[in-house]
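Single-letter residue listing:
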Amino acid sequence: GAVLDAVAGIADPWERLQVACEAHLDAILRDDDYAQVVVRVRPADAPSVSPRLIELRNQYEALFASIVDELPLAASTDRQVFRLMLMGALNWSQTWFRADGGSSPQKIARQFVALLRQGEEIAA
């Protein structure tokens, strides 16, 4: 997918996270049908495709989990909570984002990752 392609060849873990977030936001904020289904449709809402939807979500979450696993986070950081909080923030942007609001998916992703990184550096 777009995120996997975007992070290919990027060695720096924080840069990988930022590029992954940019690709994710770009997909969900430009009304990409695939992204909308994976992010918004719950498996229980579509029983006929539930197993496939669960499989796709699990693969996608595993990709972000592997990116977060590579980050130089403080030992006390719960990586699962870190990832879930980030994904929640990214996905909630569909609610408040306005294309004419002076921001872009790339700028939002950079700001999110900068805040997370700053928080980690303070905690270390």
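Everything numeric in this text was worked out from a predicted model, so none of it was measured.

Undergrad: What is the right way to read the overall build of the protein chain from this model?
TA: Looking only at helices and strands, the protein chain features six helices and zero strands. Classification of the 124 residues of the protein chain by burial places 40% in the buried group. For the protein chain, long-range pairs separated by at least 24 residues make up 57% of all intrachain contacts whose partners lie at least 6 apart in sequence. Counting every atom, the protein chain has about 7300 Å² of accessible surface; 55% of that belongs to carbon and sulfur.

Undergrad: How should I be thinking about the packing of helix α4 (residues 50-69) against helix α5 (residues 79-96) in this particular structure?
TA: The axes of two packed helices give the description: the angle between them and the distance between them. Remark: α4 packs on α5, axes separated minimally by 10 Å, with the N-to-C direction vectors making an angle of 120 degrees. The pairing of α4 with α5 is recorded here as oblique in orientation. Note on packing geometry: the crossing formed by α4 with α5 is right-handed. Contact residues: α4 offers Tyr 60, Glu 61, Phe 64, Ala 65, Val 68 and Asp 69, while α5 offers Arg 79, Phe 82, Arg 83 and Met 87. Here the residues of the contact of α4 with α5 sort into six nonpolar, no polar and four charged.

Undergrad: Can you help me understand the nonpolar core in this one?
TA: One broad rule of soluble globular proteins: the nonpolar side chains tend to lie buried together. Core analysis: the largest hydrophobic core is formed by 28 residues, its most contacted members being Trp 14, Leu 17, Cys 21, Leu 25, Leu 71, Phe 82 and Leu 90. Where this core is concerned, the elements lending two or more residues are α1 (2-7), α2 (13-29), α4, α5 and α6 (105-123). Ranked by the residues each element gives to this core, the list is headed by α2, at nine residues. Apart from residues lying up to four places away in sequence, Leu 71 is in contact with Pro 13, Trp 14, Leu 17, Arg 79 and Phe 82.

Undergrad: What exactly am I supposed to notice about α5 here?
TA: A turn of α-helix holds 3.6 residues, and therefore any two residues three or four places apart point the same way. Given a rise of 1.5 Å per residue, 18 residues ought to cover 26 Å, and the 26 Å separating the end C-alpha atoms of α5 matches this to within 8%. Listing the buried residues of α5 in full gives Phe 82, Arg 83, Leu 86, Met 87, Leu 90, Ser 93 and Gln 94. Down the axis of α5, the buried set is contained in an arc of 140 degrees. They therefore lie on one face. The N-terminus of α5 is capped by Asp 78, whose side-chain oxygen sits 3.0 Å from the backbone nitrogen of Gln 80.

Undergrad: Just to check I follow, could you spell out the side chain of Glu 22 for this structure?
TA: Looking at the secondary structure, you find Glu 22 in helix α2. In this structure, Glu 22 is buried with no salt-bridge partner, the nearest side chain bearing the opposite charge being Arg 110 at 4.2 Å. Those residues in contact with Glu 22 that lie beyond four places of it in its chain are Pro 105, Gln 106, Ala 109 and Arg 110.

Undergrad: Just checking my understanding: could you explain the confidence of the model for the protein chain for this structure?
TA: Detailed reading of the predicted coordinates is not advisable wherever pLDDT falls low. Scored by pLDDT, the protein chain has a mean of 84; 82% of the residues are at 70 or more. Taken element by element, the protein chain is modelled with least confidence in helix α3 (residues 33-40), mean pLDDT 57, and with most confidence in α2, mean pLDDT 92.

Rules used in this analysis
Residues numbered from 1 in each chain as written. Predicted model: local features only at pLDDT ≥ 70, side-chain atom pairs only at ≥ 80, totals over all residues. Heavy atoms only, no water. Helix = DSSP H or I, 4+ residues; strand = E, 2+ residues; numbered from the N terminus. Buried < 20%, exposed > 50% of the residue type's maximum accessible area, 1.4 Å probe, protein only. Contact = heavy atoms within 4.5 Å. Areas by Shrake-Rupley, 256 points an atom, 1.4 Å probe, with all protein chains shown as cover. Axes fitted to C-alpha atoms, helices over the stretch in contact; angles between N-to-C directions. Parallel < 35°, antiparallel > 145°, perpendicular 65-115°, else oblique. Left-handed = near helix turned anticlockwise from the far one by under 90°. Nonpolar A, V, L, I, M, F, W, Y, C, P; charged D, E, K, R; others polar. Core = buried A, V, L, I, M, F, W, Y, C linked by side-chain atoms within 4.5 Å. Expected span 1.5 Å × (residues − 1). Arc of directions from axis to C-beta. Polar contact = N/O pair within 3.5 Å; in protein donor to acceptor, adjacent residues only side chain to side chain. Lys, Arg positive; Asp, Glu negative; His and termini not counted. Salt bridge = Lys/Arg side-chain N within 4 Å of Asp/Glu carboxyl O. pLDDT = per-residue confidence, 0-100.

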